Amino acid sequence: DVCSSDLRKKHGFPNAVTRWLHGQLGSVRERFAAGTFVGRTFPRPWLDRLLADDEALRANAFTVHSLLVLASWHRVFVENATTRGTASSPVMVSR
């Protein structure tokens, strides 16, 4: 028999997102500039709050990381695909 006192609370995996973004405020601001995909897609005041200073970047590290991943995805799968003329080509998936 397993007692409830023997069970441990579930813990997530540690990650380094906050460490990765430390000191990168200027670089992140450039990637979210007005003419970029993220800058055109999301409200400027919201982005400005996320990147107000180093403390805001640290507090919003997971959101900023998600936006960086989204921007990379868009660059690879939308912008590059459009440049190659394959944006409307269907993707075949075999089972």
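Here's a quick rundown of the structure. This is a predicted model, so every value here is computed, not measured.

**What to know about the overall build of the chain**
- If you tally the helices and strands in the chain, you get six helices and zero strands.
- Taken from N to C terminus, the helices and strands of the chain fall in the order α-α-α-α-α-α.
- Of all 95 residues assigned to the chain, the portion counted as buried reaches 22%.
- By sequence separation, contacts in the chain at least 24 residues apart represent 52% of the contacts at least 6 residues apart.
- Surface exposure of the chain reaches about 7800 Å², of which carbon and sulfur atoms provide 56%.

**Digging into the nonpolar core**
- Ranked by size, the top nonpolar core spans 16 residues in total, and within it Leu21, Val28, Phe32, Leu51 and Val64 carry the most contacts.
- When contributions to this core are tallied by element, the ones reaching two or more residues are helix H1 (17–21), helix H2 (25–31), helix H3 (37–41), helix H4 (44–50) and helix H6 (61–84).
- It is H6 that provides the largest number of residues to this core, a total of five residues.
- Excluding residues that lie within four positions of it along the chain, Val28 makes contacts with Leu21, Leu51, Val64 and Leu68.

**Structural notes on the pattern of salt bridges**
- Overall, the coordinates contain two salt bridges when judged by the stated rule.
- For the salt bridge of Arg44 with Asp48, the shortest nitrogen-to-oxygen distance reads 3.1 Å. Pair noted here: Arg44 and Asp48 are both in helix H4, with a separation of four residues, about one helical turn.
- One salt bridge connects Glu55 with Arg58, and the closest N-O pair in it is separated by 3.8 Å. Within this pair, Glu55 and its partner Arg58 are both found in helix H5 (residues 54–59), separated by three residues, close to a single helical turn.

**Considerations on the side chain of His74**
- By the secondary structure assignment, His74 is in helix H6.
- Not counting residues up to four positions away in its chain, the partners in contact with His74 are Phe37, Arg40 and Glu79.

Analysis parameters
Residue indices begin from 1 for each chain and proceed along its sequence in written order. Reporting in this predicted model follows two pLDDT cut-offs: at least 70 for local features of residues, and 80 or more for side-chain atom pairs to be given and counted; totals over whole chains, interfaces and linings ignore these cut-offs and use all residues. The basis for the side-chain values is all heavy atoms of the structure; hydrogens and waters are excluded. Only runs of H or I of at least four residues qualify as helices and only runs of E of at least two qualify as strands under DSSP, and these elements are numbered from the N terminus. For the exposure calls, accessible area comes from a 1.4 Å probe over protein chains only, and a residue counts as buried if that area is under 20% of its type's maximum, exposed if over 50%, partly exposed in between. In what follows, a contact means two residues having at least one pair of non-hydrogen atoms within 4.5 Å. Residue burial considers only the protein chains on display, and all accessible areas are found by Shrake-Rupley using a 1.4 Å probe. Think of a nonpolar core as a cluster: buried Ala, Val, Leu, Ile, Met, Phe, Trp, Tyr and Cys residues, connected wherever their side-chain atoms sit within 4.5 Å. Think of a salt bridge as a Lys or Arg side-chain nitrogen and an Asp or Glu carboxyl oxygen that are within 4 Å of each other.

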